[in-house]
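Read off the chains here:
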Amino acid sequence: MEITKISASLYDVSMGFVHAYLIDNGGEWALVDTGIEGKGKELLETMEEAGLKGSLGHIILTQLHGDHTGSLRELYDLTGAAVYAHEEEADAIEQGLTMRACVAAPGLLKGLMNRFVIRGGKPTYLKEGTPVNVKLKGGETLPLGPGVEIIHTPGHTAGHICLILKEEGGVLIAGDAASGGKEPGYPMLFEDREKGMSTLRQMGLLLFDKAVFGHGSPIMERASEKFRKAFS
């Protein structure tokens, strides 16, 4: 696990194939997503080793999938942090549900993964769910760090959200609405492909210079322009 600074308030927590993000809230950190199961204690230890002093007070979930919620219960029990999720995702997270019916995004590899690994979104559960303290609708600005705008971005999941830090040149935390790389790409799957495609087109109309992702490398300049080119 490795922590890298992205902007004045934002840090990337790399857990191999999946990324979580930390927002500096003046000593009471906000975490965006939690990685797979069994990473909670390691995350807190890595924060301490990196000199990120303070407590974890907030956990914001972009979605219900297990590679983003796997260590939620562990971190909730260790820290008592308030948990935030979109209202359409909250019941599932409280039940520990980590997968719903889905279809593959465009691409042969994604189709094979959906058929043989994800199995069309056969329901899977964590051992224990976690209470959601704050149920989001989209459109809120949370008073965390420089201010965090919540954008409802349905498609990958019904209650998927993205976050924008507007005060730092515009930084998009995309979750799995798109995948990272030199150019943004499709996620692995959609619960609703039509909504997901529409969401990607709409995201290009937002203003952000940088974009970071649940999977893939960040885009560090002209990110909204690259979204427009990739998904118009």
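For the structure itself, look to the data block above.
Here is a short report on the structure shown in this document. (Residues numbered from 1 in each chain as written. Predicted model: local features only at pLDDT ≥ 70, side-chain atom pairs only at ≥ 80, totals over all residues. Heavy atoms only, no water.)

## Thoughts on the overall build of the protein
Within the protein, the secondary structure is distributed over 7 helices and 16 strands. Its C-alpha atoms give the protein a radius of gyration of 16 Å, near enough to 17 Å, the size a compact globule of 232 residues would have. Expressed as a percentage of the 232 residues in the protein, the buried residues total 53%. Contacts in the protein between residues at least 24 apart in sequence constitute 64% of all its contacts with a sequence separation of at least 6. Surface accessibility of the protein: about 10,100 Å² in total, with carbon and sulfur atoms responsible for 51%. (Helix = DSSP H or I, 4+ residues; strand = E, 2+ residues; numbered from the N terminus. Rg over C-alpha atoms; globule rule 2.2 N^0.38 Å. Buried < 20%, exposed > 50% of the residue type's maximum accessible area, 1.4 Å probe, protein only. Contact = heavy atoms within 4.5 Å. Areas by Shrake-Rupley, 256 points an atom, 1.4 Å probe, with all protein chains shown as cover.)

## Some words on the pairing of strand β3 (residues 19-23)
Burial runs high along β3: 5 of the 5 residues are buried. Burial along β3 is two-sided: the residues His19, Tyr21 and Ile23 and Ala20 and Leu22 are all buried. The pairing of strand β2 (residues 10-14) with β3 spans 5 bridges and is classified as antiparallel. Across the sheet, Leu10 pairs through a bridge with Ile23, a residue of β3. (Pairing = 2+ DSSP bridges.)

## So, the pairing of strand β13 (residues 161-165)
In terms of residue burial, β13 counts as a mostly covered element, since 5 of its 5 residues are buried. Alternating positions in β13 separate into two faces, Ile161, Leu163 and Leu165 on one and Cys162 and Ile164 on the other, with burial throughout. Bridge analysis of strand β12 (residues 148-152) against β13 gives 4 bridges, and the strand direction is antiparallel. Its bridge partner being in β13, Glu149 is matched across the sheet by Ile164. Alignment of β13 against strand β14 (residues 171-173), held across 3 bridges, turns out to be antiparallel. Looking across to β14, one finds that Leu163 is bridged to Ile173. Hairpin remark: β13 followed by β14, antiparallel, with 5 residues in the connecting loop; positive phi at Gly169, about 85 degrees.

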